[in-house]
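Residue strings, one per chain:
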Amino acid sequence: MTAGSRRPWCVVGRLGEGRIGLVDVDGSGARDEPVVLPAADLAARVAAREAEDAPRWVWSDTAEWYPALLDAGIRIGRCVDLRLVHAVLRTSQVVREPEPLRAAAAWDVSPEHLAAEPRGDGTLFSLDGSAGSPTSVPDGLEEALAEFDRQRAAAESAAEPGRLRLLLAAESAGALVAAELHAAGMPWDAAEHDRLLREALGPRPHGGQVPVKMAEAAAETRDALDDRTLSLDSPPRLLRALRRAGIDVASTSRWELEAHEHPAIAPLLRYKKLSRLLAANGWWWIDEWVHDGRYRPVYVPAGVVTGRWASSGGGALQIPRQLRPALRADPGWLLVSADVAQLEPRVLAAMAGDAAMAAAGAATDLYAGIVETGVVETRTEAKVAVLGALYGSTTGDSARLVPRLRRTFPDAMRLVDRAAEVGEVGGTVTTWLGRSSPPPDPGWSAAQTSAHLPDASTAEQERAVRAARSRGRFTRNFVVQGTAAEWALAWMADLRLRLARFEPVAAERAARASGPGFDRQAHLAFFLHDEVIVHAPAEQADAAATAILAAADAAGRLLFPGSTVDFPLDLHIAEHAGKA
DNA sequence: ACCTTAAGCGCG
DNA sequence: AAAGCGCGCTTAAGGT
């Protein structure tokens, strides 16, 4: 390591032959000489620098570099994830000089290609040179340095660099959180899961047998439909049987069945519910996904176009609420669960500077606040109206109520209406911090163009209008969902650092071994769009709750300085997640 | 026999 | 009573 004062960034990359290079870089782009080490020494070096001056580590892809460090027991404070930052900058409309960055096509990797396989198998950087599949970004030192330069130039060219920098930092912090969530795992009580399954389905059947309670519901349904051999698992056959029995439905979906009165309906809905539970989260799910008391999904930051996370493996973001009680703290530990009340409308109110909407949300429940303005009668109506405004509904109660919101909350409604107008004509919209929507696909544009030609058929024109409206609903929702995702990232980024400062508890208070020190101090265990769960030693639970609240407050002030909109949380401390 | 698509339902 | 946004996953059906 060269002597002298440290620079704030440390770029990491491979040099071939199993060596890693580290280069310190400062704000002017000045670099120190590279430090070269064997790959096996990286973890120790990173740990030393974290203790010494904690630089912001710059690397190609957190999912490639961080798991090995976590396995070695090392956590870092901050990073720049070049892959994620590239993806934001490449399409962001606020970047004024994106060309050099866009030309670096090697860095364009869609997240779905990265979701497939979990990383961090315990090997510290494979040395066989097998890296470099076409679905990964470059991991060499020189490439990282060059890309980092391009990214800084692009980011500095932004109309409001401050906001964009916030997004890039949040995005990178999210990548660290995702890797740490995987390393820590969700504390999952397989016995409780089994108990819930047996309660709903009956005892675990052997060898492909149908669980008793499912079989009972099926038999009841077949009786009521007077068809002893009907397969309930085939929608077309089930649909025909329903219609034969005089139930006039166009599909076998639950919402349509519920509208009809017939002895077959209740057992069929019961069957579908149980069948779904068994197929998606039955006993095989436990066998496949729960090991040593932990469920470890792979989180995919920015896996959704709006910037929301996706997940891969086990359906982490779709765990039914029914099974939430199986998310259970280790003995002597507690779960601190928090979700934001009405995050998206609050984000909209803040973005739009809508004082009336901010005021409606001031008393914890925004929907109740809307009822108090007199614009609608009930909380349910308020919720339906707001969701209609965010999603762009065109029919039903929701569409009927939205115009009233337009009178009461003109600023908020103008923002989403404007986003829809832009989308309908093929334009691009951008979130509060600077993530832009993707351009329309070529087929969409071609259809719009040809529908405007004089010889276009009526059917063609109608199709084009429907497609335009559909895209309008997408862009309408994009600005809100995307900004809400930014708020949530800022929340977690701040929370993660607060929790990392907690004192580890004594060894006899340790939880089951999991991740780098996560068995000794409060850590994030679950994230779902507007909700976090922290696993904490019992004596740290109150402090963790305080940290969660403080982080939410900080996120609000960071994104929307001076805004009167607040972001209240529903917070619970208990041994298990799920409704108290 | 294999791969892709659509239906349906879980989550926010 | 049941639409308007974004997803992942399992199953059956359809295409090759």
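Residues numbered from 1 in each chain as written. Chains lettered and ligands numbered in written order. Predicted model: local features only at pLDDT ≥ 70, side-chain atom pairs only at ≥ 80, totals over all residues. Heavy atoms only, no water.

Chain A carries the name DNA-directed DNA polymerase in an unreviewed UniProt entry, which gives Brachybacterium huguangmaarense as its organism. What the UniProt record of chain A gives under Catalytic activity (unreviewed entry) is the line "DNA(n) + a 2'-deoxyribonucleoside 5'-triphosphate = DNA(n+1) + diphosphate". (UniProt positions renumbered as here; feature names shortened; annotations may be inferred.)

(A) The arrangement of the protein's contact with DNA strand C in detail. Around DNA strand C sit 26 residues in total, of which S234, G313, Q318, R473 and F474 are the nearest. One of the side-chain nitrogen or oxygen atoms of Q481 is found 3.2 Å away from a sugar or linking oxygen of DNA strand C. The biggest single contributor to the surface near DNA strand C is helix α21 (residues 458-500), with four residues. The residue inventory of the surface near DNA strand C, partitioned by class, reads nine nonpolar, 12 polar and five charged. (Near = heavy atom within 4 Å. Polar contact = N/O pair within 3.5 Å; in protein donor to acceptor, adjacent residues only side chain to side chain. Helix = DSSP H or I, 4+ residues; strand = E, 2+ residues; numbered from the N terminus. Nonpolar A, V, L, I, M, F, W, Y, C, P; charged D, E, K, R; others polar.)

(B) Structural detail: the packing of helix α19 (residues 410-424) against α21. Here α19 crosses α21 at 135°, and the two axes come no closer than 7 Å. The angle between the axes of α19 and α21 places the two elements in the oblique class. Crossing angle aside, the handedness with which α19 passes α21 is right-handed. Along the contact surface, α19 presents L415, V416, D417, A419, A420, G423 and E424, while α21 presents A468, R469, R471, G472, T475, R476, V479 and V480. The residue makeup of the contact of α19 with α21, split by class, is seven nonpolar, three polar and five charged. (Axes fitted to C-alpha atoms, helices over the stretch in contact; angles between N-to-C directions. Parallel < 35°, antiparallel > 145°, perpendicular 65-115°, else oblique. Left-handed = near helix turned anticlockwise from the far one by under 90°. Contact = heavy atoms within 4.5 Å.)

(C) Inspection of the sheet that holds strand β8 (residues 294-295) at higher detail. Taken together, the three strands give an open sheet; going across it, the order is β6-β8-β7, and neighbouring strands pair in antiparallel fashion. Since the sheet does not close on itself, it has two edges, and those belong to β6 (186-187) and β7 (290-291), each with one partner. Examined bridge by bridge, β7 and β8 share two bridges and lie antiparallel to one another. When the sheet's bridge partners are listed, H291 is paired in β8 with R294. (Pairing = 2+ DSSP bridges.)

(D) Focus on the sheet that holds strand β14 (residues 569-574). Spatially, the four strands line up as an open sheet ordered β12-β13-β11-β14, and their pairing is antiparallel. Taken across any chain shown, the strands that pair with only one partner, and hence form the sheet edges, are β12 (523-527) and β14. Direction aside, the axes of adjacent strands within the sheet are offset by 20° on average. Note that strand β11 (residues 333-340) and strand β13 (residues 531-537) share seven bridges and pair antiparallel. Within β13, the position partnered with D339 by the bridge is E531. Against the sheet, α21 contacts β11, β12, β13 and β14, and its axis sits at roughly 155° relative to β12. Set on the sheet, helix α22 (residues 541-559) makes contact with β11, β13 and β14; between it and β14 the angle comes to about 165°.

(E) Spatial organisation of the confidence of the model for chain A. Averaged over every residue, the pLDDT of chain A is 92; residues scoring 70 or more account for 94%. In the predicted structure, residues 113-133 sits below a pLDDT of 50 and forms 34 contacts with residues beyond four places in sequence or in another chain. (pLDDT = per-residue confidence, 0-100.)

(F) Broad picture of the domain arrangement of chain A. Annotation of chain A at the domain level lists domain 1 (9-159), domain 2 (191-285), domain 3 (295-353 + 409-580) and domain 4 (355-408). The C-alpha-based centres of domain 3 and domain 4 are spaced at 21 Å. Taken residue by residue, the interface counts 22 residues in domain 3 and 24 residues in domain 4. A per-residue breakdown of the area domain 3 buries against domain 4 is headed by Q342, F409 and M413, which together make up 38% of the total. There are one salt bridge connecting domain 3 and domain 4. Here D417 and R406 are joined by a salt bridge, their closest N and O atoms 2.7 Å apart. Counting across the interface, domain 3 meets domain 4 through nine residue pairs in polar contact (both at pLDDT 80 or more). Class assignment of the residues belonging to the side of domain 3 that touches domain 4 gives a composition of 12 nonpolar, four polar and six charged. (Domains from an automatic or database assignment. Buried area = accessible area lost by both parts, 1.4 Å probe. Salt bridge = Lys/Arg side-chain N within 4 Å of Asp/Glu carboxyl O.)

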